[in-house]
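Survey of secondary and tertiary structure
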Amino acid sequence: MAEARTIDSADLTNAVPGAVTATLPNGDLVVAREKLIEFSTYLRDKAGYDYLSNVTGVDYLGYKGRTEADRFEVVYHVFSTKQGGGPVTMHVRAPASDPSVPSVISVWPGTDLQEREIWDLYGIRFPGHPNLRRILLWEGFDGHPMRKDWKEAYFEDDKKPFKSRHPDGHHTWAETRTPWAHNVAYASDFDPQEWLQPATQFRAPVTSGAAGQNGHGADMKTERIVVNMGPQHPSTHGVFRMLVALEGETITALEPEMGYLHRNHEKIGERNTYIQNIPYTDRLDYISSMSNNFGYVLTVEKLLGAQFQPTEYANYLRILMVELTRVINHMWAIGFLLNDLGAFFTPALYAIRERELILDLFEAVSGSRMMCNYMRFGGVARDLPAGWLDECSKIINQRLDRKIDEMEYYLTHNEILVARCKGVGYLSPADAVALSTAGPVLRASGVPYDVRKADPYSIYDRFDFKVACFDGCDVYARYQVRIEEMRQSVLILKQVLQQMPKSGEIQAGKKQYSIRVPEGTAYGRVEGPKGELGFYVVSDGTGNPWRYRIRAPSYISLNALGPMCVGYKVADSVIVLGSIDIVLGETDR
């Protein structure tokens, strides 16, 4: 990767006449919606910003200085995979009377699922999107729940702590106030008696590479059928549905259907205080609790400023926890992939056993094995208990390398794994970028993009490690990336143990029970085990976020599921999904 850079927003102001209508104090650009497609094309083709990472909606109803004329906003964070550095951030505003913004799917296909999510939760239309329908909620749902004026059946208060419960502790059970029979509201034009599941709107896959070549013979007569895999299915890793169009056993189209686990995490996050959100991030990718904490606190620290910058000791503790988390995640991901291939003994022997030893460490330091709630603004919640570092050092220096070697010995040249995974689930480098995939999925297509190197955060610039990258563009290459990333994580962990202070303050400033965050916006991201995990926060200066958004890699990488499955067999779709490594808590949020 070339030397990282951040483009000067002044260079873009006049690039497309009339496109940039204002430059915000933080350098973000306000772009006219009628010029959005033209400006986006310029960013991709001329400025080199080929990677649309995050797209989100914001409702500014009631926000100081905003009116009905600019109530809604769609925010885009665009990066360069070749040059690295920070984003170009675009804000496109729309009035309450016409909440619509042109779809940029023709420029960045990876916006597909994100635009559908914004339509679903905010009711902002995207003219030009070929399949704009609900994605996390169902077609009969009444309203768009992320709008500021939407209230659920059990609504109690706009922000926590709820006045009915604090400080006196009085409350009434919501179920008593609102019996179940009155908890379902349908859209005004919706008749539940007449409703039928809409037929899937299969589209041609967005792929420039070769599809699978293991189709049926030309003289075999078949009929096209559409089948469901899930939402209850042993190979979907949770409540997740794949709508699959088949000719014989060959997949001609596939669409992901999610939302069965949706609990509107982001709406909850806007009612919580900032600190209350930390344990909620544990419940996103529940295999990677520490990493989730890390991404969120880094984002809020951008708004909090210098007084909340972590201490030297706390920085090392954070990296120690998140790189152990990366090892856990990749052990687990490989174990699940093997399980999808029918290998039951190996995942238990290697993936689960090593994970349990690291979870013992997490439990000792945080009090919990999976929902760690360990990070805090300006540091971490607790210091290491006596003897913890010795046990951790034994695992890092004496065990992990050896166990990764053993895993590779049994798997990397295993004829069944090679036959099932090599050449399956093809995703070209161009499509991996265009579809906004991240992490091992992106790097297995030969794109050496890792946020820790491309846009360094925390103290990652102190460590010597390589970006794990393979160019097989298939399921096997995704396995190889995870093996190599575990090795690089162990290398980082050894450097952490060598460099970190013996002791120190675990948190900058005083212990926080409630904080007010200065007004502003921030996008923070980390290279989570599954790829770029991002948080977008809008603060109005109070103790609760105005907007709280999660850029979930499990969700966005599903853009590539359909294209990677076309031309392959039904059995192949199971391992292609496994190679993405989704967790439904993060996908649905």
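Refer to the structure printed above.
Notes on the structure in this doc start here. What you see is a predicted model; the values in this text were computed from it and never measured. (Residues numbered from 1 in each chain as written. Predicted model: local features only at pLDDT ≥ 70, side-chain atom pairs only at ≥ 80, totals over all residues. Heavy atoms only, no water.)

**Let's talk about the overall build of the chain**
Of regular secondary structure, the chain possesses 19 helices and 13 strands. Counting only residues that meet the buried cut, the chain has 57% of its 589 residues in that class. Sequence-distant contacts in the chain: of pairs separated by 6 or more residues, those separated by 24 or more amount to 72%. For the chain, the computed accessible surface area is about 23600 Å², with 53% contributed by carbon and sulfur atoms. (Helix = DSSP H or I, 4+ residues; strand = E, 2+ residues; numbered from the N terminus. Buried < 20%, exposed > 50% of the residue type's maximum accessible area, 1.4 Å probe, protein only. Contact = heavy atoms within 4.5 Å. Areas by Shrake-Rupley, 256 points an atom, 1.4 Å probe, with all protein chains shown as cover.)

**Here's the deal with the pattern of salt bridges**
A complete count under the given rule lists 45 salt bridges for this structure. Of the charged contacts, one joins Glu 270 and Arg 547 as a salt bridge, the two residues approaching to 3.4 Å between their closest N and O atoms. Pair noted here: Glu 270 is in helix α5 (residues 265-271) and Arg 547 is in strand β13 (residues 547-551), with a separation of 277 residues, a long-range link. Residue Glu 270 shares its accessibility class with Arg 547, and that shared class is buried. (Salt bridge = Lys/Arg side-chain N within 4 Å of Asp/Glu carboxyl O.)

**What to know about helix α8 (residues 312-340)**
Taking 1.5 Å per residue as the helical rise, α8 with its 29 residues ought to reach 42 Å, and the 42 Å between its terminal C-alpha atoms agrees with that figure. Trailing α8 by a residue or two, Gly 342 shows a phi angle of about 100 degrees, which is positive. (Expected span 1.5 Å × (residues − 1).)

**Details of the sheet that holds strand β8 (residues 250-257)**
Read from one edge of the open sheet, 3 strands run β6-β7-β8, paired in antiparallel fashion. Both edges of this open sheet fall to β6 (224-229) and β8, since each of them pairs with a single strand only. On average, adjacent strands in this sheet sit at an angle of 20 degrees to one another, irrespective of strand direction. When β6 meets strand β7 (residues 241-247), the two strands line up antiparallel, connected through 6 bridges. The partner of Met 229 across the bridge, within β7, is Met 242. (Pairing = 2+ DSSP bridges. Axes fitted to C-alpha atoms, helices over the stretch in contact; angles between N-to-C directions.)

**Describing a nonpolar patch on the surface**
There is a patch of nonpolar side chains on the surface, built from Trp 138, Val 184, Tyr 186 and Trp 195 and spanning about 360 Å² of accessible area. You can see Trp 138 is positioned in the loop between α3 (112-122) and α4 (174-177). (Patch = residues over 30% accessible without salt bridge, like charges linked within 9 Å, V, L, I, M, F, W, Y side chains within 5 Å.)

**A closer look at the pairing of strand β4 (residues 72-79)**
Most of β4 sits inside the fold, with 8 of its 8 residues counted as buried. Every second residue of β4 is oriented toward a common face, with Phe 72, Val 74, Tyr 76 and Val 78 on one face and Glu 73, Val 75, His 77 and Phe 79 on the other, all of them buried. Sheet analysis places strand β3 (residues 51-59) next to β4, joined by 8 bridges and oriented antiparallel. Bridging across to β4, Asp 59 finds its partner in Phe 72. Alignment of β4 against strand β5 (residues 88-94), held across 7 bridges, turns out to be antiparallel. Its bridge partner being in β5, Val 75 is matched across the sheet by His 91.

**A few points about the layout of surface pockets**
Here the second largest pocket is characterised by a volume of approximately 660 Å³. Lining the second largest pocket are 32 residues, and of these Gly 86, Pro 87, Lys 302, Asp 455 and Tyr 523 lie nearest its centre. Of all the elements in the fold, those that place two or more residues in the lining of the second largest pocket are α1 (9-13), β4, β5, α7 (289-304), α8 and β11 (520-528). Among the elements that take part in the lining of the second largest pocket, β11 stands out by supplying 5 residues, more than any other. (1 Å grid on protein atoms, 1.4 Å probe; cavity = no way out; pocket = protein on both sides within 12 Å on 5 of 7 lines; lining within 4 Å. Points joined across faces, edges and corners; volume = space filled by probe spheres on them.)

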